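Each chain, written out:
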Amino acid sequence: MSLKHVNAVVVGSGAGGGVVAKELAEAGLDVVVLERGRWVTPDEERKDDLRNQRTTALGVPYGPDEEKEPRVFVDAQGHAQVVWPADGPYNNNAACVGGGTLSYGAMAWRYMAQDFRMKSLYGAPAGSTLEDWPITYDDLAPFYEKAEWEIGVAGDQSGDPFKAPRRRPLPMPPLPDSRETQVLKPAAQRLGWHPFYIPMLRNTVPYNGRAGCMRCRWCCGFACECNAKCGTQNTVIPTALATGHCELRPRSIVAGILLDAKGRAQAVEYFDERDRRLTQTADLVIVSGGAIESARLLLNSKSTLFPQGLGNRFDWVGRNLQGHAYSGALGLFDHDIYDDLGPGAEIAICDFNHGNPGLVGGMMLANEFQRLPYQFAGMGPPGLPRWGKAHKDFMRTWFRRSIVIMGPSQEMPVFDSRVQVDPRVRDHWGIPVARLSGLDHPHNIELCRFASDKAELWLKEAGAIQTVRRQKTQQWLSAGQHQAGTCRMGHDPQTSVVDPHCKLHEVDNVFVIDASVHVTNGGFNPVLTIMAIAYYASDYIKRRWRGGGLR
Amino acid sequence: MDPVSPRRLITRRAFLRASSATLLAAPLIQWPPVWESSHRFFSDSEAATVNAMCERIIPTDEDPGAAWAGVIEFIDRKLAGYHRRYQSLYRAGLQGVRESCVILFKKEFIDLPQAQQDELLRHLESNQAPGAVWSKVSASDFFNRLVEHTLEGFYGGPRHGGNREAASWHMLGLPTPPVRSRRPLNADWK
């Protein structure tokens, strides 16, 4: 069954796809967005400690489907197993309108200028495919600003001397200091560091027609029931739909991209919610499924021109899968420090993102989102039994007397950390599933030790009487909610997948616009960078659009 | 309500009563293993054992433990629902617990003093519990899974059947009930 032809089909409605849909629809293109997940309304949020995108003990409320969408995970010994969305090795983010932006913690970082030039600054460590981006911070700066104002960012980075240059301030102020901030901020200053208020994609005051944050403890991993958290589902997507030029079809599973005889994309094939196989033709195809699913879609889009998958002539699609290696520490205090005011994360330092002797890159460090009781149950020191009176004492004594400092270490990309499609396992619709394999770079272990060292220092200066390191000490596959890297941006078609404007090198009308294109992932949560790239790539597409195709 | 499995429309007890005449004439079936039970998955005897094990995992002290908090209700509900893939692990694990207790102490778990119950749990934890059943299922896998479910049932929200009256949240000093959108929470949180 064929549908009415459109100018652009966008696969995915998350941080990348949502922005592109709005930009193109506002420019007058007819756009269809195909989202694998469903629309979630704010008052559906159950605030269930055991069932959210961060703690999946009782499943994943915001997708993907736990019975229809498996993956395959290959462990360090080479054993492959089928995994499901609530399993850690699945490396899930989300699948719903808004993607991860519905339920994320919403930290809204601009990468630093150095983050785009990691190879020039540091040299590539052995065993890494470290490379510079083909674009610079200055190329993205106006689009970071656009994202901050259009989608909505609150915070105050004026105390951060390390931040990349910016023109406009953030549109919204930070929340009032929490009790944690009241001890952490002066402690960081006494250490000679430069603490400041984390920029967040969250209304702190009424903005864009929605209320400010209600300060509940169910933020990271949860949809926001008062709609203060800013995602694509409550900002750019409604704007796109209001243009009259955009249609969003949820529960649509894209199976493959079809080419014409000249090697141009002409359509995508997808399954609707009744499992009917449909063909949507379009002048442009925008792939925004996230680093794992976007690579999977390209690899599953085989043709005589591209027998290894669309855009995959040189076997770089799916390579360099990366996320962030988190480490830090838990601090235990001899006084009550808990105020039950979310989101929890508030204060950060960027003193250790770059210039760390003997290390490549680094990480921002910040206090963590609020720990819910069941989450805290996993935070005991090594040697503490997980059961019995000792564990109960730990919970009761320290729950209100704990602060956690963590940071996302910038990972060195590894060629064999990758997404493939499995030769045997298929999803409910018969589509080969993503197969994840490989390990992260050993340098991550050194960064994680360093992050835990600094976190302990900070907590002790703040008055912690005991610290417990939360340090990654083993290599593993890294992807998860910050997944990136699998369709790398570059000048050279033999060592990258998309060009500096996110266009597949060898296909004139297919773009990948999500974190797949990140060459490196900064020492920061990636979402604002994904949005900025989406605005930037959309700007390119709009300028070259001449009806039916690009100039 | 479990999001994945449909809610049972009648309890097993009601069903069994309704068809008791047929059942008396029917051959003994292995699963479900009981004629009468207050629970969806466990027999009364299994439930009593699990309840006692959970109570050692999170014991009563100046605050309620797993038994008062109704963790057995959580585990039973979830084994019939979202955690149904662990059904055979629990069935076999509880047979193993019975076997180990008989070998070590010549009594059922529920009849042991606390010190011996803890000793048995440590045997399970270190995968050194005696009994033939443990050659087919790992004692430590079973124990670790039970610990995890006990923590879920004790520290998770009351809506899932455990954490009665938010006992653990009171213990931790958390404000309850949780406020939603600056309105008092509606009843479905518990």
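**Quick word on the overall build of chain A**
A count of helices and strands for chain A gives ten helices and 18 strands. Taking 2.2 N^0.38 as the reference for a compact globule, 551 residues should give roughly 24 Å; the C-alpha atoms of chain A span a radius of gyration of 22 Å, in line with that estimate. The C-alpha extent of chain A, read off along each of the three principal axes, is 70 × 50 × 45 Å. Per-residue burial for chain A yields a buried fraction of 59% across its 551 residues.

**A look at the nonpolar core**
All names here are of chain A. Grouped together as the largest cluster of nonpolar side chains are 160 residues, with contacts concentrated most on V31, L365 and M531. The leading source of residues in this core is helix α10 (residues 527–544), at eleven residues. When residues of this core are sorted by domain, at least three fall in each of domain 1 (1–83 + 91–153 + 221–324 + 415–436 + 483–551) and domain 2 (159–200 + 326–409 + 441–475).

**Comments concerning the packing of helix α3 (residues 44–57) of chain B against helix α5 (residues 71–79) of chain B**
Residues and elements named next belong to chain B. Two elements in contact, α3 and α5, have axes separated by 9 Å at closest approach and are oriented at 125 degrees. Comparing their axes, α5 and α3 come out oblique. Relative to α5, α3 is oriented so that their crossing is right-handed. Two secondary-structure elements touch here, α3 through A47, V50, N51 and C54 and α5 through V71, I72, I75 and D76. The residue makeup of the contact of α3 with α5, split by class, is six nonpolar, one polar and one charged.

**Some details on the sheet that holds strand β12 (residues 347–349) of chain A**
All names here are of chain A. Read from one edge of the open sheet, seven strands run β5-β6-β12-β13-β14-β11-β17, paired in antiparallel fashion. What marks the edges here is a single partner per strand, and that holds for β5 (154–156) and β17 (466–470). Mean inter-strand twist for the sheet, computed between neighbouring axes without regard to direction, equals 30 degrees. By the bridge criterion, two bridges tie β12 to strand β13 (residues 365–367) in an arrangement that is antiparallel. Bridge pairing in β13 places I349 opposite L365. Here helix α4 (residues 179–190) sits on the sheet and contacts β12, β13 and β14 (402–409); the angle it forms with β12, its principal contact strand, is near 20 degrees. Here helix α9 (residues 443–461) sits on the sheet and contacts β11 (325–332), β13, β14 and β17; the angle it forms with β11, its principal contact strand, is near 25 degrees.

**What to know about the domain arrangement of chain A**
Taken domain by domain, chain A comprises domain 1 (1–83 + 91–153 + 221–324 + 415–436 + 483–551) and domain 2 (159–200 + 326–409 + 441–475). Secondary-structure elements contributing two or more residues to the side of domain 1 of chain A that touches domain 2 of chain A are α2 (118–122) and α3 (137–152) of chain A.

**Here's the deal with the interface of chain B and chain A**
Contact residues are listed per partner, giving 27 residues for chain B and 25 residues for chain A. Residue composition of the side of chain B that touches chain A, grouped by class: 16 nonpolar, six polar and five charged.

**Things to note about helix α6 (residues 87–105) of chain B**
Residue and element names in this part refer to chain B. With 19 residues, α6 should reach 27 Å at 1.5 Å per residue; the first-to-last C-alpha distance of 27 Å fits that figure. Within α6 the residues assigned to the buried category are Y90, G93, L94, G96, V97, S100 and C101. The arc that holds the buried residues of α6, viewed along the axis, is 165 degrees, so those residues lie on one side. Exposed residues lying more than 90 degrees from the buried face of α6 are S88 and I103. Immediately beyond the C-terminal end of α6, within one or two residues, lies K106, with a positive phi of roughly 60 degrees.

Procedures and definitions
- Residues numbered from 1 in each chain as written.
- Chains lettered and ligands numbered in written order.
- Predicted model: local features only at pLDDT ≥ 70, side-chain atom pairs only at ≥ 80, totals over all residues.
- Helix = DSSP H or I, 4+ residues; strand = E, 2+ residues; numbered from the N terminus.
- Rg over C-alpha atoms; globule rule 2.2 N^0.38 Å.
- Buried ≥ 20, exposed ≤ 12 C-beta atoms within 10 Å, placed from the backbone.
- Core = buried A, V, L, I, M, F, W, Y, C linked by C-beta atoms within 7 Å.
- Domains from an automatic or database assignment.
- Axes fitted to C-alpha atoms, helices over the stretch in contact; angles between N-to-C directions.
- Parallel < 35°, antiparallel > 145°, perpendicular 65-115°, else oblique.
- Left-handed = near helix turned anticlockwise from the far one by under 90°.
- Contact = placed C-beta atoms within 7 Å.
- Nonpolar A, V, L, I, M, F, W, Y, C, P; charged D, E, K, R; others polar.
- Pairing = 2+ DSSP bridges.
- Expected span 1.5 Å × (residues − 1).
- Arc of directions from axis to C-beta.

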